[in-house]
Amino acid sequence: MILLGDATGRMFGWSARESLYAGALVAISSTTIIAKAFSELRIGGRIRELVLAVLIVEDLIAILLLAA
C-alpha cells in the first residue's frame, strides 16, 4: 500500500516526500478496514494471521515514515 500510494502521488506530480506520506496514510487506514472486514465476514485461520502480520509490518514502516 505504501508503494501504491507513492506511485499515485507521483502521478499527480507530488514530491517524493509527499508521495511517501500519502502512501503511509493509505497503509495505516487499510489495516483498520481489513481487520473490520475479516471480523464481519468471520474469516479466520492461517490466512487471517498472515494478512494481519503483513499489515502490521506495513503500519510500523508507515509510522516510521510519518515520524521522519
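Residues numbered from 1 in each chain as written. Predicted model: local features only at pLDDT ≥ 70, side-chain atom pairs only at ≥ 80, totals over all residues. Heavy atoms only, no water.

## Some details on the pattern of salt bridges
Enumeration according to the criterion identifies three salt bridges in this entry. Here Glu49 makes a salt bridge to Arg46, at a shortest N to O gap of 3.9 Å. Placement of both Glu49 and Arg46 in helix H3 (residues 46-67) is noted, with a separation of three residues, approximately one turn of the helix. Exposure class is identical for Glu49 and Arg46. Each is exposed. (Salt bridge = Lys/Arg side-chain N within 4 Å of Asp/Glu carboxyl O. Helix = DSSP H or I, 4+ residues; strand = E, 2+ residues; numbered from the N terminus. Buried < 20%, exposed > 50% of the residue type's maximum accessible area, 1.4 Å probe, protein only.)

## Quick word on a nonpolar patch on the surface
On the surface, a cluster of nonpolar side chains totalling about 290 Å² of accessible area is made up of Leu20, Val57, Ile61 and Leu65. No other element matches the three residues that H3 contributes to the nonpolar patch. Within the element layout of this structure, Ile61 appears in helix H3. (Patch = residues over 30% accessible without salt bridge, like charges linked within 9 Å, V, L, I, M, F, W, Y side chains within 5 Å. Areas by Shrake-Rupley, 256 points an atom, 1.4 Å probe, with all protein chains shown as cover.)

## Concerning the confidence of the model for the chain
For the chain, the average pLDDT comes to 86, and 100% of its residues sit at 70 or higher. Taken element by element, the chain is modelled with least confidence in helix H2 (residues 16-41), mean pLDDT 84, and with most confidence in helix H1 (residues 2-11), mean pLDDT 89. (pLDDT = per-residue confidence, 0-100.)

## Here we look at H2
Residues spaced three or four apart along an α-helix face the same direction, because each turn holds 3.6 residues. In this model, H2 (26 residues) spans 37 Å end to end at C-alpha, consistent with the 38 Å of a helix rising 1.5 Å per residue. For H2, every residue scored as buried is listed here: Ser19, Ala22, Gly23, Ala24, Ala27, Ser30, Thr31 and Phe38. Contacts from the buried residues of H2 go to H1 and H3. After H2 finishes, the residue Arg42 shows a positive phi value of roughly 55°. (Expected span 1.5 Å × (residues − 1). Contact = heavy atoms within 4.5 Å.)

## A closer look at unusual backbone geometry
Despite not being glycine, Arg42 has its phi angle at roughly 55°, a positive value. For Arg42, the location among the structural elements is in the loop between H2 and H3.

## Description of the side chain of Thr31
Tracing the chain through its elements places Thr31 in helix H2. Ignoring anything within four residues of it in the chain, the contact list for Thr31 reads Leu55 and Asp59.

## Some words on the packing of H1 against H2
Two elements in contact, H1 and H2, have axes whose closest approach is 7 Å; the angle formed by their N-to-C orientations is 140°. One element, H1, and the other, H2, form an angle in the oblique class. Remark: the crossing between H1 and H2 carries right-handed chirality. The residues of H2 that touch H1, namely those facing Ile2, Gly5, Asp6, Gly9 and Arg10, are Ala16, Ser19, Leu20, Ala22, Gly23, Ala24 and Ala27. Within the contact of H1 with H2, the residues separate by chemical class into six nonpolar, four polar and two charged. (Axes fitted to C-alpha atoms, helices over the stretch in contact; angles between N-to-C directions. Parallel < 35°, antiparallel > 145°, perpendicular 65-115°, else oblique. Left-handed = near helix turned anticlockwise from the far one by under 90°. Nonpolar A, V, L, I, M, F, W, Y, C, P; charged D, E, K, R; others polar.)

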